[in-house]
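Residue strings, one per chain:
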Amino acid sequence: MKHVKNRALILAMLMTVCTGVTLAAGKVDIGKNEYESNCVACHGVTGKGNGPVAEILKVAVPDLTEMSRKNGGVFPFARVFESIDGRQQFQAHGTRDMPIWGTTYKSSGSPEHDDYPYNAESFVRSRILALIDYLHRLQAK
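Residues numbered from 1 in each chain as written. Predicted model: local features only at pLDDT ≥ 70, side-chain atom pairs only at ≥ 80, totals over all residues. Heavy atoms only, no water.

### Some words on helix α5 (residues 77–85)
For α5, every residue scored as buried is listed here: Val-80, Phe-81, Ser-83, Ile-84 and Asp-85. Considering only its buried residues, α5 is in contact with α4 (67–70) and α6 (120–137). Phi turns positive one or two residues past the end of α5, at Gly-86, with a value near 100°. (Buried < 20%, exposed > 50% of the residue type's maximum accessible area, 1.4 Å probe, protein only. Helix = DSSP H or I, 4+ residues; strand = E, 2+ residues; numbered from the N terminus. Contact = heavy atoms within 4.5 Å.)

This is the structure in structure tokens:
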């Protein structure tokens, strides 16, 4: 049991160090970090679709703050999850084989660059869920 706790602690530390998690007032916001690392270039800091790369793209970048409003006031959780994990494809995100964010949200089935075992699929899903939580918090009131 002690080894499991140690592995969980190591994983938490690695997530903080390796992904550059934002630390503010002692709080870790993994979802915000995921967004800043993988979405800001196109969708912008506020999610309005005005990132620094948006103006050179051939397709309009959607306003992520309006997803709930455009879905009858309900956050479209399943659609968002499937667009991030690649099951729902968008031309701007690339194909499932090579999405714009590389293998960040794809589970290879085995951990890469790690010397301890963990469930890679669970790790990827937790990152996606953290990102979705952050996108939900960005919704216009």
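### Focus: the confidence of the model for the protein
Detailed reading of predicted coordinates is not advised where the pLDDT is low. Chain-level pLDDT for the protein is 76 on average; 61% of the residues reach the 70-or-more range. Mean pLDDT across the elements of the protein bottoms out in strand β1 (residues 23–24) (49) and peaks in α4 (96). Scored below 50 in pLDDT, residues 17–23 makes 17 contacts in the model with residues more than four places away or belonging to other chains. (pLDDT = per-residue confidence, 0-100.)

### Things to note about the packing of aromatic side chains
All chains considered together, the criterion is met by two aromatic pairs. Relative to Tyr-134, the ring of Tyr-35 has its centre 5.4 Å away and its plane inclined at 45°; by these criteria the two rings are tilted. Taken together, the residues Tyr-35 in helix α2 (residues 30–38) and Tyr-134 in helix α6 connect sequence positions 99 residues apart. Comparing Tyr-35 with Tyr-134, the two get one shared label, buried. Ring geometry for Phe-77 and Phe-81: centres 6.0 Å apart, planes at 40°, overall tilted. You can see Phe-77 and its partner Phe-81 sitting in helix α5, four residues apart, about one turn around the helix. (Phe/Tyr/Trp six-rings, centres within 6.5 Å; stacked < 30°, edge-to-face > 60°.)

### Comments concerning the packing of α2 against α6
Here α2 crosses α6 at 90°, and the two axes come no closer than 7 Å. For the element pair α2 / α6, the angle class is roughly perpendicular. Taking contact as the criterion, the partners of Ile-30, Gly-31, Lys-32, Glu-34 and Tyr-35 in α2 are, on α6, Arg-127, Ala-130, Leu-131, Tyr-134 and Leu-135. Partitioning the contact of α2 with α6 into residue classes produces six nonpolar, one polar and three charged. (Axes fitted to C-alpha atoms, helices over the stretch in contact; angles between N-to-C directions. Parallel < 35°, antiparallel > 145°, perpendicular 65-115°, else oblique. Nonpolar A, V, L, I, M, F, W, Y, C, P; charged D, E, K, R; others polar.)

### Describing the environment of Arg-79
Within the secondary structure, Arg-79 sits in helix α5. What makes Arg-79 partly exposed here is its relative accessible area of 40%. In contact with Arg-79, other than residues within four places in its own chain, are Asn-71 and Gln-88.

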